[in-house]
Amino acid sequence: MCGIVGAIAQRNVSQILLEGLSRLEYRGYDSAGICCINNQELRCIKTTGKVKNLKEAVKEQGCPGFIGIAHTRWATHGVPSETNAHPHICGNLALVHNGIIENFAELKSQLIEKGYEFKSQTDTEVLVCLIHYHLQTSANLLEAFKIALNEVKGSFGLALIDKNDPNTLYAARSGSPLIIGLGIGENFVASDTLALLPVTRRFIYLEENEIAVLTTDKIDVYTLDGTPVEKSVVESDLDAESISKGNFRHYMQKEIYEQPQSLQNTLLGRLNGDDISLETVVGIDKDTFKDIKAIQIVACGTSYHAGLVGKYWLEELTGIATNVEIASEYRYRKAVVQDNSLFITISQSGETADTLASLRLAKQQKYKKSLCICNVNGSSLVRESDYTLFTKAGAEIGVASTKAFTTQLLSLLLLALLIGRQNNAISDTQNHEILEAVRKLPALAQEFLSYDKEIEDIACQFSGKRHTLFLGRGVMFPIALEGALKLKEISYIHAEGYAAGELKHGPIALIDKEMPVVVVAPDNALIDKLISNIEEVRARGARLYVFSTQDTLIKDDPQTCKVSLPMCPEILQPILFTIPLQLLAYHCAVINGTDVDQPRNLAKSVTVE
Ligand code: F6R
């Protein structure tokens with residue numbers, strides 16, 4: 001989604017802004033722009049395509065200034081173009097905006113009647129003109145900003161500058177994340193901490209409906225009605241290096257390879273003999289989960305798939321009925337909430353608009369408590385949930401979620417064990433066996449990665465294919481869904497995941513010699529059923545790619561390509577069998593020549609609905 005960077009300093013800020021935009025590229029965008037104040041003039045440069053185009057334009061044309069704002073745009077209102085790119089200017093003001101102004105058409109007509117003219121198709125240009133309009137009758141820009149923001153409906157993260165006041169940078173947030181970075185004699189604003197890591201690790205998180213006024217040595221925060229707010233400063237544990245590609249060709253590849261370490265980090269300090277320490281879930285005590293009678297999980301995309309796996313584990317290990325729903329569906333229906341229900345959100349970014357809206361809705365419903373499983377400390381979900389279980393994946397830059405997913409799975413397993421123990425639903429022996437298995441997970445993940453070359457060779461056979469099916473049964477069904485999502489989003493090969501038992505209820509009609517069918521078939525309680533499904537596919541001539549375990553008896557024939565993966569505890573299979581599917585998707589994408597880390601039309605953090 002769109003990215004914002006703003007800076008006010010006693011040095012030229014244009015390189016800081018451009019570097020910040022580069023660090024936001026992973027979020028997905030289609031154009032970029034920068035505006036600095038120089039000699040009381042607004043100097044604005046915009047380009048379509050990648051940030052490197054903007055960097056070249058700035059190098060050629062120059063855009064110096066001690067104060068400036070910059071933006072990467074992901075088109076919502078109006079096509080990707082230089083005219084629609086941000087910043088948008090009205091008179092002495094320049095504005096960058098993340099989010100959507102829903103009543104922009106109505107406001108635009110009113111402003112046109114008052115004589116304003118518009119160049120772009122964007123809602124943002126309407127907002128900057130609205131602020132400009134109110135400035136004509138207000139005591140100062142802060143007043144005009146507040147009045148305008150109280151008139152708009154929708155969501156915004158904003159940074160605003162005024163060429164008549166080069167000593168002040170304004171920012172505001174409602175429904176779209178925004179953080180303030182604190183420097184020494186300089187201050188910054190951005191939509192994501194990663195953008196500012198080269199210049200600071202100290203941040204203030206703006207809450208909903210807050211405005212910040214930044215000078216080089218002061219930050220004042222107010223609510224939209226003008227009440228001053230005291231804010232605390234949070235030190236980030238990320239460093240600028242956390243977003244380097246190292247020796248890898250793509251971030252996604254690096255992040256796949258980081259999984260043994262990120263799984264280890266997710267366990268670090270959390271296992272204490274046969275106990276999971278209570279600090280694993282921030283905010284809980286030894287009785288928190290004792291009365292829980294139902295669990296509702298809500299998430300989007302890959303995080304939703306993690307939730308689907310979590311349902312199998314939670315029901316098995318806690319005996320508590322668990323429901324999983326896509327956030328964009330949950331938020332618009334009337335859910336029946338059982339007494340003593342726990343509401344769980346899962347999100348890598350902690351800023352996904354639909355997931356956040358579902359949490360806000362849940363808080364008005366009769367859930368007992370809310371818990372989020374999240375990778376980003378300080379994110380909106382974390383701040384608004386009662387409890388947090390942090391996945392310790394580290395910064396994930398590739399748009400396709402990899403290490404965030406496997407650490408979400410591990411976190412869900414730890415949570416199921418914690419809840420199961422508090423409810424006496426799990427025996428000491430079972431608990432012990434699972435934790436013993438969990439301790440081996442990072443080493444096993446490393447072993448699974450060693451199949452990379454074999455999988456790369458298989459990926460060549462997908463070249464030129466248009467469609468694929470991914471099959472799995474039981475807890476491996478959501479892994480088939482995730483394998484299909486990974487393949488389609490980065491290689492653009494159409495892929496569908498199915499519960500193998502559903503095959504004969506429709507999808508089997510698709511199968512012919514041209515259709516590769518990927519089967520996730522580890523040795524587990526359902527393997528015999530799955531082998532029957534494999535036979536059904538084989539009988540229809542499809543080429544089979546079976547990801548199985550070494551001892552599993554899968555017929556070897558020219559039609560079948562079996563990847564024999566290491567034997568591993570059944571409870572870990574969903575986590576470990578994800579890895580070869582990620583590698584398959586990655587290599588197919590590389591072979592197809594797609595933009596692996598920033599696939600077309602996708603954004604890393606989906607902050608609009
Ligand atoms: C797919 C992917 C997306 C995200 C989804 C939710 O690889 O990354 O499907 O999982 O947009 O994002 P978060 O987890 O940040 O809420």
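These figures come from a predicted structure and were not determined experimentally.

Colleague: Quick question: what am I supposed to make of helix 3 (residues 104–113) here?
Modeller: Because each turn of an α-helix spans 3.6 residues, side chains separated by three or four positions in sequence point in the same direction. Within the sequence span of helix 3, burial applies to Phe104, Leu107, Lys108 and Leu111. Buried residues of helix 3 fall within an arc of 105 degrees about the axis and therefore sit on the same side. Following helix 3 by one or two positions, Gly115 has its phi on the positive side, about 105 degrees.

Colleague: Looking at this structure, I do not really get the site of the ligand. What am I missing?
Modeller: What surrounds the ligand is a group of 13 residues, the closest being Ser303, Ser347, Gln348, Thr352 and Glu489. Contact distances for the ligand include 2.7 Å between an oxygen atom and a backbone N or O atom of Gln348. Here an oxygen atom of the ligand sits 2.5 Å away from a polar atom, N or O, in the side chain of Thr352. Relative to its free-state accessible area of 410 Å², the ligand is covered by the protein chains to the extent of 89%. The pocket occupied by the ligand, as judged from atoms lying within 2 Å of grid points, is the second largest pocket. Tallying contributions element by element places helix 8 (residues 301–318) first for the shell around the ligand, with three residues. In terms of residue class, the shell around the ligand is made up of three nonpolar, eight polar and two charged.

Colleague: Looking at this model, I keep getting lost on the nonpolar core. Mind explaining?
Modeller: The nonpolar side chains of a soluble globular protein tend to be buried with one another. Judged by nonpolar contacts, the single largest core of 88 residues is most densely connected at Trp313 and Leu584. No fewer than three residues from each of domain 2 (245–439) and domain 3 (447–595) sit in this core. Beyond its immediate sequence surroundings of up to four residues, Leu584 is in contact with Ile455, Ile458, Ala459, Phe462, Phe470, Val518 and Phe547. Counting 34 residues, the second largest nonpolar core, distinct from the first, contains Ala7, Tyr26, Ile179 and Ala395.

Colleague: Help me out: how do you make sense of the sheet that holds strand 10 (residues 187–190) in this one?
Modeller: In sheet architecture, strand pairing relies on hydrogen bonds along the backbone and comes in two forms, parallel and antiparallel. Pairing within the open sheet is antiparallel, and its eight strands lie in the order 3-2-4-1-10-9-11-15. Every other strand in the sheet has two partners, leaving strand 3 (41–48) and strand 15 (234–235) as the edge strands with one partner each. Two elements, strand 1 (residues 3–8) and strand 10, share four bridges in a ladder whose sense is antiparallel. What sits directly across from Ile8, in strand 10, is Asn187. Lying on the sheet, helix 1 (residues 14–24) is in contact with strand 1, strand 2 (31–38), strand 4 (67–73) and strand 10; it crosses strand 1 at an angle near 160 degrees. The sheet contacts of helix 2 (residues 51–61) involve strand 2, strand 3 and strand 4, and relative to strand 3 the element is tilted by about 140 degrees.

Colleague: Help me understand the packing of helix 4 (residues 123–135) against helix 5 (residues 141–151), please; the structure alone is not making it clear to me.
Modeller: For any two helices packed against each other, the geometry comes down to the angle between their axes and how far apart the axes lie. Running from N to C, helix 4 and helix 5 point in directions that differ by 130 degrees, and their axes come no closer than 8 Å. The orientation of helix 4 relative to helix 5 falls into the category oblique. Here the hand of the crossing between helix 4 and helix 5 comes out right-handed. Within the contact between the two elements, helix 4 uses Leu127, Leu130, Ile131, His134 and Leu135 and helix 5 uses Leu141, Ala144, Phe145, Ile147, Ala148, Leu149 and Glu151.

Colleague: It is not clear to me how the packing of helix 7 (residues 259–267) against helix 12 (residues 403–422) should be interpreted in this structure. Could you clarify?
Modeller: Direction vectors running N to C along helix 7 and helix 12 enclose 30 degrees, while the axes themselves pass 9 Å from each other. Our classification of the angle between helix 7 and helix 12 gives roughly parallel. Here helix 7 and helix 12 pass one another in a crossing that is right-handed. Contacts from Gln259, Ser262, Leu263, Thr266 and Leu267 of helix 7 reach helix 12 at Lys403, Thr406, Thr407, Leu410, Ser411 and Leu414. Among the residues forming the contact of helix 7 with helix 12, the class breakdown is four nonpolar, six polar and one charged.

Colleague: Would you explain the sheet that holds strand 28 (residues 560–565) in this entry?
Modeller: Read from one edge to the other, the open sheet built from five strands follows the order 25-24-26-27-28, with strand pairing classed as parallel. Of all strands in the sheet, those bounded by a partner on one side alone are strand 25 (494–499) and strand 28. Averaged over all adjacent pairs, the angle separating strand axes in this sheet is 20 degrees, with direction ignored. Of the pairings in the sheet, the one linking strand 26 (residues 516–521) to strand 27 (residues 543–549) comprises six bridges and is parallel in character. Paired with Val519 across the bridge in strand 27 is Val546. In the packing of helix 16 (residues 527–538) onto the sheet, the strands contacted are strand 24 (467–472), strand 26, strand 27 and strand 28, and the crossing angle to strand 26 comes to about 170 degrees.

What counts, and where the lines are drawn
- Residues numbered from 1 in each chain as written.
- Predicted model: local features only at pLDDT ≥ 70, side-chain atom pairs only at ≥ 80, totals over all residues.
- Heavy atoms only, no water.
- Buried < 20%, exposed > 50% of the residue type's maximum accessible area, 1.4 Å probe, protein only.
- Helix = DSSP H or I, 4+ residues; strand = E, 2+ residues; numbered from the N terminus.
- Arc of directions from axis to C-beta.
- Near = heavy atom within 4 Å.
- Polar contact = N/O pair within 3.5 Å; in protein donor to acceptor, adjacent residues only side chain to side chain.
- Areas by Shrake-Rupley, 256 points an atom, 1.4 Å probe, with all protein chains shown as cover.
- 1 Å grid on protein atoms, 1.4 Å probe; cavity = no way out; pocket = protein on both sides within 12 Å on 5 of 7 lines; lining within 4 Å.
- Sits in = over half its atoms within 2 Å of the grid points.
- Nonpolar A, V, L, I, M, F, W, Y, C, P; charged D, E, K, R; others polar.
- Core = buried A, V, L, I, M, F, W, Y, C linked by side-chain atoms within 4.5 Å.
- Domains from an automatic or database assignment.
- Contact = heavy atoms within 4.5 Å.
- Pairing = 2+ DSSP bridges.
- Axes fitted to C-alpha atoms, helices over the stretch in contact; angles between N-to-C directions.
- Parallel < 35°, antiparallel > 145°, perpendicular 65-115°, else oblique.
- Left-handed = near helix turned anticlockwise from the far one by under 90°.

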